[in-house]
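# Residue-level structural notes
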Amino acid sequence: MEQLDLQALLAKSYEICDALMSANVGQVRTEGKNLKPMFRDDLALFGAYLTGADGVVTDDEAEFIREKLGFSADAKTVEDIRRRRGVAAGHSAEIPQSLKYAVLSDAGRKLDPDPFRRQCAMYFYDTFKVFGQEIMARYAREVPQDEVQRFTDYLERMEAMLNEYSVWRPVTQKAYRVVEPANNEKTEEERAAELEELLAELDSLIGLEGVKRQVNTMVNLIKVQQMREELGMKPADIAKHMVFLGNPGTGKTTIARLMANIYRCLGVLRTGQLVEVDRSGLVRGYIGQTATQTAEVIDQAMGGVLFIDEAYSLTVSKGQGDFGQEAVDTLLKAMEDNRDDLVVIVAGYTDLMEQFLDSNPGLRSRFGTRIMFEDYTADELMGILALNLKKQEYRLSAEAEVKAREIITARVENKPENFANARDVRNFMEKAIANHATRVAALEHAKGNKDILATIEADDLEDLE
């Protein structure tokens, strides 16, 4: 899934706090606090627990915690954090009180309706995790081992509780990751203008020429059928469900998001949200549970697109105790019953997806459109690297560009088993930025020098082959 952002997680977690308070979950009487300040205090204590691994929380560390959590900039708040220098190592055995309320809500289905889809506890957990990662990332050198150990112990304790109450959703799971569409209350003219913007966005993507042609053909086909229908002519039946074939990192999720919004603008879908899921978000361990879970995910996708990544994993094992087929059967029925209100896109490796489509007589006939996502060329990957660096306000020096091209070209020409196209480029960029930080942090003249702070040099690409 996409990289988690601390500020976005904090905003969502505070929204959850308000919702739980409104539902009378987390009405805290102690010291007049309610759930939101309790959650923020739990995070601050966690930050002090990590930074105090060396026995003291310095002024700079207290200020870092305050800044990240958005505390008011008063001396008392900073001093309150600093006083927590004595947080004992045994703090890892404790559970944040605010997390307990989130678990209570998810496990007991306290929110009805639940806009967070029983993931309040996971939002809280992810916020603690990303906050801890940012604390440790403040070092330009190797993170002290005792701080790493405290971070690990604390997260393991929270994970154990989430598992115990069956509200744990591992980070690799793509359950209920909903990409909301733009405002649906738009006029026909506004939707037409938005459609043009979406098609322009599609056209601006690097590579994917065959994909772009196929999507544009589908858009034109739908437009013409709508014109025919307006004149009372019989429209052709258009297969909207799709199979995306190709290796990882070739833009399948990006195109799925665009298709959801394109279908909405064309009036094919009511709402156009994209619900992304994989096997772990559909399959459960007992008979009946998988059908219920799959139906719940389908319900969230109604009016939009259900995108199932690595769909072949649902049928790759048909041994006793595997319930992937139960998910497929539930999906097929929903596709038949809701053919005008649900679009399903399945994606994965080409050969494995062919096996998936052959695993059930009804599967191949349901998916009338197949789109092939070719691997990126070295030139295209270099373009993706340059674009992503620009977004982060970095650039390659001339020497670094030559070296990066050599590394990427060699990887494209001799693709390893784990070759992942644009994902490889993202990992390459992140390592280069980390190496750049290590080098620049030691330069006395770097402060205030935008050129040094923005330029990735060839030395920063060492050991990245």
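Presented here is a report on the structure given in the accompanying data block. (Residues numbered from 1 in each chain as written. Predicted model: local features only at pLDDT ≥ 70, side-chain atom pairs only at ≥ 80, totals over all residues. Heavy atoms only, no water.)

### Quick look at the packing of helix 6 (residues 120-137) against helix 7 (residues 145-164)
What counts here: In this analysis, axes come from line fits to C-alpha atoms, helices being fitted only over the stretch in contact, and the angle between any two N-to-C directions falls in the range 0 to 180 degrees. Put simply, DSSP marks the helices as runs of H or I at least four residues long and the strands as runs of E at least two long, and each gets a number from the N terminus on. Convention used here: angles under 35 degrees read as roughly parallel, angles over 145 as roughly antiparallel, angles from 65 to 115 as roughly perpendicular, and any remaining angle as oblique. In what follows, residue pairs with any heavy atoms lying within 4.5 Å of each other are defined as contacts. Just so you know the grouping, Ala, Val, Leu, Ile, Met, Phe, Trp, Tyr, Cys and Pro go in nonpolar, Asp, Glu, Lys and Arg go in charged, and all remaining residues, Gly too, go in polar.
With their axes 11 Å apart at the nearest point, helix 6 and helix 7 run at an angle of 175° to one another. What the angle tells us is that helix 6 and helix 7 run roughly antiparallel. Residues Ala121, Met122, Tyr125, Phe128, Lys129, Gly132, Gln133, Ile135 and Met136 of helix 6 form the contact with helix 7, whose participating residues are Glu147, Val148, Phe151, Tyr154, Leu155, Met158, Glu159 and Leu162. Among the residues forming the contact of helix 6 with helix 7, the class breakdown is twelve nonpolar, two polar and three charged.

### A short note on helix 12 (residues 324-337)
Counted only if it meets this: Helix span, as expected, comes to 1.5 Å for every residue beyond the first. For the exposure calls, accessible area comes from a 1.4 Å probe over protein chains only, and a residue counts as buried if that area is under 20% of its type's maximum, exposed if over 50%, partly exposed in between.
Given a rise of 1.5 Å per residue, 14 residues ought to cover 20 Å, and the 20 Å separating the end C-alpha atoms of helix 12 matches this to within 8%. Buried within helix 12 are the following residues: Gly324, Glu326, Ala327, Val328, Thr330, Leu331, Leu332, Ala334 and Met335. Where helix 12 is buried, its residues touch helix 11 (289-301), strand 4 (305-308), strand 5 (343-348), helix 13 (350-358) and helix 14 (363-366).

### Thoughts on the packing of aromatic side chains
Definition in use: Centres within 6.5 Å make a pair out of two Phe, Tyr or Trp rings, where for Trp the six-membered ring is used; the pair is then stacked when the planes are under 30 degrees apart, edge-to-face when over 60, and tilted otherwise.
In the structure shown here, the tally under the stated rule is eleven aromatic pairs. On the basis of an interplanar angle of 55° and a centroid distance of 6.4 Å, the ring pair of Phe244 and Phe307 is categorised as tilted. Remark: Phe307 occurs in strand 4 and Phe244 occurs in strand 2 (residues 242-246); sequence separation between them is 63 residues. Three or more aromatic residues joined by ring pairs make a cluster, and in this case those are Tyr14, Phe39, Phe46, Tyr49, Phe124, Phe128, Phe131 and Tyr154.

### Remarks on unusual backbone geometry
Backbone torsion omega between Asp112 and Pro113 reads 0°, so that peptide bond is classified as cis. With respect to the helices, strands and loops of the structure, Pro113 is situated in the loop between helix 5 (97-108) and helix 6. Within the chain, Arg109 stands out as a residue other than glycine whose phi angle is a positive 50°. By the element assignment, Arg109 lies in the loop between helix 5 and helix 6.

### Comments concerning the pattern of salt bridges
For clarity, the threshold we go by: Throughout this description, the term salt bridge denotes a Lys or Arg side-chain nitrogen within 4 Å of a carboxyl oxygen of Asp or Glu.
According to the stated counting rule, one finds 20 salt bridges in the structure shown. Across the pair Lys403 and Glu462 runs a salt bridge whose closest N-O atoms are separated by 2.5 Å. Pair noted here: Lys403 is in helix 16 (residues 398-413) and Glu462 is in the segment after strand 8 (455-456), with a separation of 59 residues, a long-range link. Its relative accessible area of 15% is what places Lys403 among the buried residues. Each of Glu354, Asp358, Arg364 and Arg370 takes part in salt bridges that share partners, so that together they form one network.

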